[in-house]
Amino acid sequence: MISSYQKTERKTGSEQRRQFLCTVMFCGMLMLLGKAIFLQVLEKDFLKHQGDIRHIVDVNVSAYRGKIVDRNGEPLAISTPVKSVWVNPKQVSDVASQHITGLENLLKMPHGKFTKIIEKNADKHFVFLKRHVSPVVAAQVKALKITGVHLDREFKRFYPSGEITGHLLGFTNIDDAGQEGLELAFDDVLRGVQGKKRVMRDGKKNIIADIEEISSPVPGRDLQISIDSRLQYLAYRELKLAVKSHQASSGSLVMLDAKTGEVLAVVNQPSFNPNDRGDLQGYRYRNRAMTDVFEPGSTVKPFVIASALDGGYVSANDVVDTSPGFYRIGRNVVRDFRNYGVLGLTDILKKSSNVAVSKIANEMPAEEMWGFYNRLGMGQSAGVGFPGEASGTLIDYQYMDDFEQATLSFGYGVSMSVIQLARAYTALADDGLLHSVTLFKRDYDEDSQRVFTPKTASNIRAMLEHVVEKDGTAYKARVAGYSVAGKTGTVKKIINGRYSNEQYLSLFVGMIPAQDPRLVMAVLIDEPTVGGYYGGAVAGPVFSKVMSRSMRILGVDPSFQRDQKKPLVLAVQGYRP
Amino acid sequence: MKLIQEGIKTLLDLRTYYDGFLAIAITSILIIGFVMVTSASLHLGDKMVSNPFHYPLRQFIHICLGLGVGAVILTINMEFWEKSGQWLFLLGLILLVMVLIPGVGVKVNGSIRWIQLIGFRVQISEIVKLFSVIYMAGYVARHQEVVKVSAYGIVKPLMLFSLACLLLLLEPDFGSAVVILTIAMGVMFLGGARLWQFLILAVFLVLLAALLCYFSEYRWARITSFIDPWADPLDKGFQLVQALIAFGQGEWFGVGLGSSIQKLFYLPEAHTDFLFSVIAEELGLIGVVLVIGLFTLFIWRAFVIGEKAEKAGYLFSAFIAYGLAIWFGFQAFVNIGVNMGMLPTKGLTLPLMSYGGASMIVMCAGVALLFRINMETEKITSSVPKGKKKWINA
């Protein structure tokens, strides 16, 4: 079929071509080899570096935020590990629709939301879908195995006592940073330091290996505060009830340890629940007891008497004639509720006579009286270190005329916060020693200052015991089984620059037991509209209810001196937290 | 019954008449390929279908099917292929048309390359490559005189190939089109086409391909990104950059089997088109040299078998062997070149290694043809086979 001539001709020709093609292919393979050596030997450092850039990242390790506990170790603010769900929209593609629905149901999203998020953020690599989900939900999300949907560990702050400590503790934002209250004030201490670790990630940004820890997270320190959550609870409950039943606009209460100046309870109304911040409005989360000032009214009268006693301007047995029920100073008039006639010092406080304290005040040099007020902390912040803590104001003695001095003696022309007022009363409670106040637990106050002599202080306390007698202004503030020393205040609010005759502050400040006080408490009810407005009638009962239970919680022996009309039997209805 | 008996007899003959080097190359390629596919796909199977052995198991089935088909082909006389070459090519064209019919073809990643066949997705272009080899070998063997003397002799088969290429480009599958044209041109070159005619044709085809690339946005983007992948490493150059990193990380001895990081969703298609990058990362330069060496061994043995057949006068068989050498060699070269950034990205598998049913089975069939050719040639050239003493106890 094939001639021999053709055969030889083809043979040589095809031989060459075959060898040529074979050589070309071997050369191709050699080129591949050369390129491989180039990449794997010569360029390896550059390529490895490029690989590291893509594989290895430093990620933050969130630090555990310190707990806040009360004086007995009860947790008030704790951090719990939670998961946050996020998505990388660039990785999401072809997700089965039942998976999307499942995810939306788990995260309580409306239908179609997931797709919308993906479309809207198509050019991003990181979008939170839902932060702080429970471990159960997180596990279910993980089980869906949706490409591009990831979980991160974060901490969620939880406040076991909710609205009761809302104002005091404040809260953190979603990034675990303090925003209000103690969480803000002591953020540095609580926060800790975020750690960093170097990890290797796969192409879908999942961490596949920890390489090294660059810095370990330093957990925040725990904070033990002076609050006693049992007393705090009591105080909160009674204040809330009082504000509600008197339909007041707001209320505040501060309870101090009379010996150490520790704040045992501080509550306000209206309040908020820091665990559910859907309804955050500015007026709800102000810690009014610390940040809002008011004119203290009659509650400062005991200080005027004490100052006058210590200054030698009056003596314990002096009497003051308050007839005819008003006192003219220049063109101005100071009035009493009615004509009380001649009053001893005890009765001045018991009846809360403006005329009498004005006359006593005017006996004193303005500077000296101002000095007592100043030393009691008026016009200066109480120094607890709370964010936005108020200092109040105190009129300067150099510009004070007799009338202004008189009004100062019954608590106008000076403004202060509830905590400042309570603090001032420690000077009467602890035999003349004014205590510094603190939110931290301590055994002893090293910064106490003497304002009054012990004798004067105990005299005043004895006088103030009469305030809670049947014919005193605060009979409703009495505590069965314990002697109470206290003072009411019913303050006209300034509305449009004028003192109103319709809007009042109702105040009561008291100490218990009167002979050797353990606790000092100031109660303020703002604008009560139902059930009276006198301090004794509105604020007094709050004092009574809170203290009667607090005494038993603290195990204070009942006093037997005076008020024994309903002795220890009351212990039966004792409150057990 | 008789057919099966004869078939078994032929298979037993193979023990005597087989090419040892080719056997070593193929066995090594298959084993390394399977191990690497397993390594490169465990995480993917786990992620996609919650079964890490999803892909390895399927690849194992592919290999078994390939060996089965290969065994059948070993029993078939080469004459059969010579006679049916034209019909097979026609069948290939029909399949290429079928795949384009909506509802018949399956679309994956924007390309319609598959037909669903009894539960398997079959990539038609792989079958067409084998049929192209058979048709081209038959044509050159039959019309050698015409091929040698007239331009028409060269252009005529190319018309049919152009039709096939056109259908492939409609899928689109540019890579396969280039492969079958390369096979046709290569076989024609060896068939003795006039050099100047051949060169003009080659230049024309290269120009055509260049134009096609230039006027297709995504092909052009692939070419520009291949020239400097680091210019846009996050988008267009992404795949290539990831592959290059795999090579760098592998350096001399590799990061160790199973330890590749690049396969973990950095490399797209780590178990198919970019399997070689995983080999480079896990086995290092050593592995790369080994695999390239095995393919070189394969090419060499295919040429040797073809040469023997040619000398024995089996022209058709010889061109089949050359065609297979060109096909496997070119496709391996392109795939590895793409992995190393020497060539723009093409969707071509690494022969006998990459994951994929049709390519594995078809390539096993191609290898079986080589063994069959060798057997037939050896039987006729020597009554006492040369290889017997050497390999009988191996």
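### Structural notes on the overall build of chain B
Then, in step 1: What chain B contains, in helices and strands, is 15 helices and three strands.
Then, in step 2: Burial status across chain B gives 57% buried among its 394 residues.
Then, in step 3: At a minimum sequence separation of 6, the contacts of chain B that also span at least 24 residues come to 72%.
Then, in step 4: Accessible area of chain B: about 16600 Å², with a carbon and sulfur share of 70%.

### Some thoughts on the overall build of chain A
Then, in step 1: A tally of helices and strands in chain A yields 19 helices and 21 strands.
Then, in step 2: In chain A, the share of contacts with a sequence separation of at least 24, taken over all contacts with a separation of at least 6, comes to 71%.
Then, in step 3: With an accessible surface of roughly 25800 Å², chain A has 51% of that area assigned to carbon and sulfur atoms.

### So, the sheet that holds strand E3 (residues 120-123) of chain B
Residue and element names in this part refer to chain B.
Then, in step 1: Here we have three strands laid out as an open sheet, ordered E1-E2-E3, and antiparallel in their pairing. Every other strand in the sheet has two partners, leaving strand E1 (105-108) and E3 as the edge strands with one partner each. Here the average twist between neighbouring strands, direction ignored, is 50°.
Then, in step 2: Summarising the sheet, E1 and strand E2 (residues 111-117) pair through four bridges and their orientation is antiparallel.

### As for the pattern of salt bridges
Residue and element names in this part refer to chain A.
Then, in step 1: Under the criterion given, the structure shown has 34 salt bridges over all chains.
Then, in step 2: Note that Asp445 is salt-bridged to Arg442, the shortest N-O span being 3.5 Å.
Then, in step 3: Residue classification places Asp445 among the buried residues on the basis of a relative accessible area of 1%.
Then, in step 4: One salt-bridge network, in which partners are shared between bridges, spans Arg65, Arg157, Glu183, Asp187, Asp188 and Arg191.

### Describing the interface of chain B and chain A
Then, in step 1: In this complex, chain B contributes 56 residues to the contact, which on the side of chain A involves 40 residues.
Then, in step 2: Roughly 4300 Å² of surface becomes buried between chain B and chain A when both sides are summed, with 69% attributable to carbon and sulfur atoms.
Then, in step 3: When the buried area of chain B at its contact with chain A is split by residue, Lys47, Phe189 and Tyr266 of chain B rank highest and sum to 13% of it.
Then, in step 4: The tally of links from chain B across to chain A stands at four salt bridges.
Then, in step 5: Linking Arg18 of chain A and Glu310 of chain B is a salt bridge whose minimum nitrogen-to-oxygen distance equals 3.1 Å.
Then, in step 6: Taken together, chain B and chain A are joined by twelve residue pairs in polar contact (both at pLDDT 80 or more).
Then, in step 7: Elements with a contribution of two residues or more to the side of chain B that touches chain A: helix H2 (20-49), helix H6 (144-149), helix H8 (174-190), helix H11 (238-250), helix H12 (275-311) and helix H13 (315-339) of chain B.
Then, in step 8: A total of 13 residues in the side of chain B that touches chain A trace back to one element, the largest contributor, which is H12 of chain B.
Then, in step 9: Across the side of chain B that touches chain A, the residue classes break down as 35 nonpolar, 13 polar and eight charged.

### A short note on helix H5 (residues 135-144) of chain A
All names here are of chain A.
Then, in step 1: Within the sequence span of H5, burial applies to Val137, Ala138, Val141 and Leu144. Each buried residue of H5 sits inside an arc of 115° when the element is viewed along its axis, so together they form one side. Pointing more than 90 degrees away from the buried face of H5 are the exposed residues Pro135, Val136, Lys142 and Ala143.
Then, in step 2: Just past H5, the residue Lys145 takes up positive phi, approximately 55°.

### What to know about the pairing of strand E20 (residues 498-512) of chain A
Residues and elements named next belong to chain A.
Then, in step 1: In the sheet, strand E19 (residues 485-495) pairs with E20 via ten bridges, with the strands oriented antiparallel. Looking at the pairing, Thr490 lines up with Ser506 of E20.
Then, in step 2: Hairpin connection from E19 to E20: two residues lie between these consecutive antiparallel strands, with Asn496 at a positive phi of about 55°.
Then, in step 3: Here E20 folds back onto strand E21 (residues 519-526), and the loop between the two strands holds six residues.

### Overview of the packing of aromatic side chains
Each aromatic ring pair is specified by the distance between its two centres and by the angle formed by the two planes.
Then, in step 1: A full pass over the atoms with the stated rule returns 31 aromatic pairs over all chains.
Then, in step 2: A centroid spacing of 4.9 Å and a plane angle of 25° characterise the contact between Tyr533 of chain A and Tyr534 of chain A, whose relative ring orientation is stacked.
Then, in step 3: For Tyr533 of chain A, a relative accessible area of 29% translates into the label partly exposed.
Then, in step 4: Members of the aromatic cluster, each reached through a chain of ring pairs, are Phe337, Tyr504, Tyr533 and Tyr534 of chain A.
Then, in step 5: Over the ring of Phe189 of chain B we find Arg17 of chain A; its NZ or CZ atom is 5.0 Å from the centre of that ring.
Then, in step 6: Sitting over the face of the ring of Phe372 of chain A, Arg375 of chain A holds its NZ or CZ atom 4.7 Å from the ring centroid.

### Regarding the packing of H12 of chain B against H13 of chain B
Residues and elements named next belong to chain B.
Then, in step 1: At a minimum axis distance of 8 Å, the contact between H12 and H13 shows a crossing angle of 165°. Looking at the two axes, H12 sits roughly antiparallel to H13. Of the two possible hands of crossing, H12 and H13 adopt the one that is left-handed.
Then, in step 2: Taken together, the residues of the contact of H12 with H13 break down into 19 nonpolar, six polar and two charged.

### Examining unusual backbone geometry
Then, in step 1: A cis amide bond, omega -5°, links Gln269 of chain A with the succeeding residue Pro270 of chain A.
Then, in step 2: Note on placement: Pro270 of chain A falls in the loop between strand E10 (263-269) and helix H10 (288-291).
Then, in step 3: With an omega of -15°, the peptide bond between Ile512 of chain A and Pro513 of chain A qualifies as cis.
Then, in step 4: Tracing the backbone through its elements, the reader meets Pro513 of chain A in the loop between E20 and E21.
Then, in step 5: Although it is not a glycine, Glu251 of chain B sits at a positive phi angle of roughly 30°.

### What to know about the sheet that holds E21 of chain A
Residue and element names in this part refer to chain A.
Then, in step 1: Pairing is antiparallel in the open sheet, where five strands are placed in the order E10-E9-E21-E20-E19. Every interior strand has two partners, whereas the edge strands, E10 and E19, have only one. With strand direction ignored, the average angle separating the axes of adjacent strands in the sheet is 10°.

### Re the nonpolar core
Then, in step 1: Ranked by size, the top nonpolar core spans 134 residues in total, and within it Ile320, Trp327 and Leu352 of chain B carry the most contacts.
Then, in step 2: Among residues more than four places away in sequence, those in contact with Leu352 of chain B are Ile26, Ile29, Leu30, Phe328, Met360, Met363, Cys364 and Val367 of chain B.
Then, in step 3: Val334, Ala366, Val538 and Val546 of chain A belong to the second-largest nonpolar core, a separate cluster that totals 125 residues.

### Considerations on the packing of helix H11 (residues 301-311) of chain A against helix H17 (residues 454-465) of chain A
All names here are of chain A.
Then, in step 1: With their axes 10 Å apart at the nearest point, H11 and H17 run at an angle of 140° to one another. Classified by the interaxial angle, the pair formed by H11 and H17 is oblique. You can see that H11 and H17 cross each other, and the crossing is right-handed. Where H11 approaches H17, its residues Pro302, Ile305, Ala306, Leu309 and Asp310 are matched on the opposing element by Thr456, Ile460, Met463 and Leu464.
Then, in step 2: Here the residues of the contact of H11 with H17 sort into seven nonpolar, one polar and one charged.

### Overview of the confidence of the model for chain B
Then, in step 1: The predicted model of chain B averages 84 in pLDDT, with 95% of residues at 70 or higher.
Then, in step 2: Across the assembled chains, the prediction reports ipTM 0.88 with pTM 0.68.

### What about the side chain of Arg288 of chain A?
Then, in step 1: In this structure, Arg288 of chain A sits in helix H10.
Then, in step 2: With residues near it in sequence (within four places) discarded, Arg288 of chain A still touches Ser250, Ser252, Asn268, Gln269, Pro270 and Tyr283 of chain A.

### Quick notes on the pairing of strand E9 (residues 250-257) of chain A
Residue and element names in this part refer to chain A.
Then, in step 1: By the criterion of burial, E9 is predominantly enclosed, with eight of the eight residues buried.
Then, in step 2: Burial along E9 is two-sided: the residues Ser250, Ser252, Val254 and Leu256 and Gly251, Leu253, Met255 and Asp257 are all buried.
Then, in step 3: Taken together, the eight bridges between E9 and E21 define a ladder with antiparallel strand orientation. Counted as the bridge partner of Ser252 is Leu524 from E21.
Then, in step 4: Connecting E9 to the next strand, E10, in antiparallel fashion are five residues, including Gly261 with a positive phi near 75°.

Calculation criteria
- Residues numbered from 1 in each chain as written.
- Chains lettered and ligands numbered in written order.
- Predicted model: local features only at pLDDT ≥ 70, side-chain atom pairs only at ≥ 80, totals over all residues.
- Heavy atoms only, no water.
- Helix = DSSP H or I, 4+ residues; strand = E, 2+ residues; numbered from the N terminus.
- Buried < 20%, exposed > 50% of the residue type's maximum accessible area, 1.4 Å probe, protein only.
- Contact = heavy atoms within 4.5 Å.
- Areas by Shrake-Rupley, 256 points an atom, 1.4 Å probe, with all protein chains shown as cover.
- Pairing = 2+ DSSP bridges.
- Axes fitted to C-alpha atoms, helices over the stretch in contact; angles between N-to-C directions.
- Salt bridge = Lys/Arg side-chain N within 4 Å of Asp/Glu carboxyl O.
- Buried area = accessible area lost by both parts, 1.4 Å probe.
- Polar contact = N/O pair within 3.5 Å; in protein donor to acceptor, adjacent residues only side chain to side chain.
- Nonpolar A, V, L, I, M, F, W, Y, C, P; charged D, E, K, R; others polar.
- Arc of directions from axis to C-beta.
- Phe/Tyr/Trp six-rings, centres within 6.5 Å; stacked < 30°, edge-to-face > 60°.
- Lys NZ or Arg CZ within 6 Å of the ring centre and 35° of its normal.
- Parallel < 35°, antiparallel > 145°, perpendicular 65-115°, else oblique.
- Left-handed = near helix turned anticlockwise from the far one by under 90°.
- Core = buried A, V, L, I, M, F, W, Y, C linked by side-chain atoms within 4.5 Å.
- pLDDT = per-residue confidence, 0-100.

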